[in-house]
Each structure stands twice: as C-alpha cells, then as structure tokens.
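Read off the chains here:
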Amino acid sequence: LNEFDVLYIGWTAYASNEGMQALYDRSSHIGEFLENGGGLVAFSEYGDNELDWLWLPFDIQYWTQHGETIEIVDHYHPVNNGLTSSHLSFWYSSLHNTFLEYTEFLSPITTEGSSGDAVTLVGDYNGLNGRIVLSGQDADWHFVYNYGPKGDAAGLLIANALDWVG
C-alpha cells in the first residue's frame, strides 16, 4: 500500500464476502499505511455484510439506516468546501449508515438531520498521521449514476475528500 497516497473504498453494497474478507485480513496493513501518512476515504457500507467497517484498524460502531436529511456541523472543514446541508440532502436515499461510537481522533463534520448521529467523520490516524474520511453517504454511487438531483454535489464531496486526505 505504501506506494500509494490514498486508499479509496467505495460503496460496498453487493460487495463479495471474499472482497470484504480481503480488506479485513489486511486491517493491520491499512493501519501501517495510515501511520506512514497515507490517506483513507471510505463511503457507505450498506450493512448487508458482517464485515462492513470491521476492516478498519480501529473500533467503530455504526447503525444501518436510510435517510434523507444531512446537516453540516463543521462548515469550515475542507471536505465541506462548496457544499451546504441542502446539497448533501434529498438524494433519494442520502445515507445508508451513521456512526454511533468512534475513536477520539475522529470528529463528525456532518450528521443525520433528526437523530444527530454522525454521518461523515474526519481525522488524523492516532491524532498524528494519515488523514481519514469515513462517510455513511454513498457519494460515489450517486455521482457515477447521477441518481437523484444532487450528482454534482456528490462529485464535489468525493473530490474534497480525496484532496483533503491526499
């Protein structure tokens, strides 16, 4: 992995068990990659695979849910550059999971509108190296298929995330 700048994990709905197992088996390698300053961007894991989010080299608790309203809680974070809560909401299923518990080096920059649960988390691995963006939104799917009215916003979210970690 260390020959790359960023590890990008797209929306994992319909991912094979073998693919998710491969990520899980390399969790320690992903941790080393982050310790060496690599970046990680990962979008929604749909909740239909028992290894969803378990491949991360740190503990995180998520909840599978599908919602429409996203609230930006950190308007100044570079991942949110050029975006508004309206841009990130009403994608005809704007999110597929929220994060309930997460490590202290991650902070929410967006939340789910009614529960306030974290939707997008950002931080530096162990508070030192390797920037991380994790999101319960499937921006890559909405951008590729231009599904819903906000395909351009989805593309901007992806670009911002990659720019910030890379």
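Fair warning: this is a prediction, and the values are worked out from it, not measured in the lab.

Caption draft 1: Up close: the overall build of the protein chain. On a plain count of helices and strands, the protein chain comes out with 5 helices and 8 strands. What you see in the protein chain, going N to C, is helices and strands ordered as β-α-α-β-β-β-α-β-β-β-β-α-α. Taken against the 2.2 N^0.38 rule, which gives 15 Å for 166 residues, the C-alpha radius of gyration of the protein chain at 15 Å falls within 12% of a compact globule. Overall, the protein chain is about 35 × 35 × 30 Å in size when its C-alpha atoms are taken along their principal axes. Taking all 166 residues of the protein chain together, 52% fall into the buried category. When contacts within the protein chain are restricted to residue pairs at least 6 apart in sequence, long-range pairs at least 24 apart make up 69% of them. As displayed, the protein chain offers around 7900 Å² of accessible surface, 48% of which is attributable to carbon and sulfur atoms.

Caption draft 2: Region of the structure containing unusual backbone geometry. For Trp53, which is not a glycine, the phi torsion comes out positive at approximately 65°. Residue position: Trp53 is located in the loop between β2 (39-42) and β3 (60-67). Trp53 gets classed as buried once you look at its relative accessible area, which sits at 1%. Phi is positive for Ser93, which is not a glycine, with a value near 105°.

Caption draft 3: Spotlight on helix α2 (residues 27-35). If you check which residues of α2 are buried, you get Ser27, Ile30, Gly31, Phe33 and Leu34. Looking straight down α2, one finds that the buried residues subtend no more than 160° of arc, so they occupy a single side. Tucked inside the fold, the buried residues of α2 contact β1 (6-9), α1 (17-25), β2, β7 (118-125) and β8 (129-135). Backbone geometry just after α2 places Gly37 at a positive phi near 95°.

Caption draft 4: Region of the structure containing the side chain of His77. In this fold, His77 is placed in the loop between β4 (70-72) and α3 (85-88). Judged by relative accessible area, His77 falls into the buried class, the value being 10%. Ignoring sequence-local partners within four residues, the contact set of His77 consists of Ile109, Val122 and Trp164.

Caption draft 5: Summary view of the nonpolar core. Residues Leu40, Trp55, Phe58, Ile60, Ile132 and Leu134 are the most contacted members of the largest nonpolar core, which totals 23 residues. Of all elements in the fold, only β1, α1, α2, β2, β7 and β8 reach the threshold of two or more residues within this core. Among the nonpolar cores identified, the runner-up in size contains 21 residues, and Leu83, Ile109, Val122 and Trp164 belong to it.

Caption draft 6: Highlighting the packing of aromatic side chains. For the coordinates displayed, the defined rule picks out 8 aromatic pairs. Taking 6.4 Å as the distance between ring centres and 20° as the angle between the ring planes, the aromatic pair formed by Trp53 and Trp55 counts as stacked. For Trp55, a relative accessible area of 0% corresponds to the buried category. Both rings, one in Phe58 and one in Tyr125, keep their centres 6.2 Å apart while their planes meet at 45°; by these two values the pair is tilted. Here Phe58, found in the loop between β2 and β3, pairs with Tyr125, found in strand β7; they are 67 residues apart in sequence, far enough to count as distant. Exposure remark for Phe58: the relative accessible area of 10% places this residue in the buried category. Feature note: the residues Trp11, Trp141 and Tyr145 constitute an aromatic cluster, connected by ring pairs.

About the criteria used
- Numbers given to residues run from 1 along each chain, matching the order in which its sequence is written.
- Given that this is a predicted model, residues contribute local features only at a pLDDT of at least 70 and side-chain atom pairs are listed and counted only at 80 or more, while totals for whole chains, interfaces and linings are drawn from all residues.
- The side-chain quantities take in all heavy atoms of the structure and omit both hydrogens and water.
- Where helices and strands are cited, they refer to DSSP runs of H or I of at least four residues and of E of at least two residues respectively, numbered from the N terminus.
- Computation of the radius of gyration draws on C-alpha atoms, with the globule rule given as 2.2 Å multiplied by the number of residues to the power 0.38.
- Summary of the burial criterion: residues with accessible area below 20% of their type's maximum are buried, those above 50% are exposed, and those between are partly exposed, where the area comes from a 1.4 Å probe applied to protein chains only.
- We call two residues in contact whenever any of their non-hydrogen atoms come within 4.5 Å of each other.
- Calculation of accessible area relied on Shrake-Rupley with a 1.4 Å probe; when residues are assessed, cover is drawn exclusively from the protein chains displayed.
- This arc is taken over the directions from the axis of the helix to the C-beta atoms.
- Here the nonpolar core consists of buried residues drawn from Ala, Val, Leu, Ile, Met, Phe, Trp, Tyr and Cys, with membership extended through side-chain atoms lying within 4.5 Å.
- Centre distance within 6.5 Å is the pairing criterion for rings of Phe, Tyr and Trp, where only the six-membered ring of Trp is used; planes under 30 degrees apart are then read as stacked, over 60 as edge-to-face, and the remainder as tilted.

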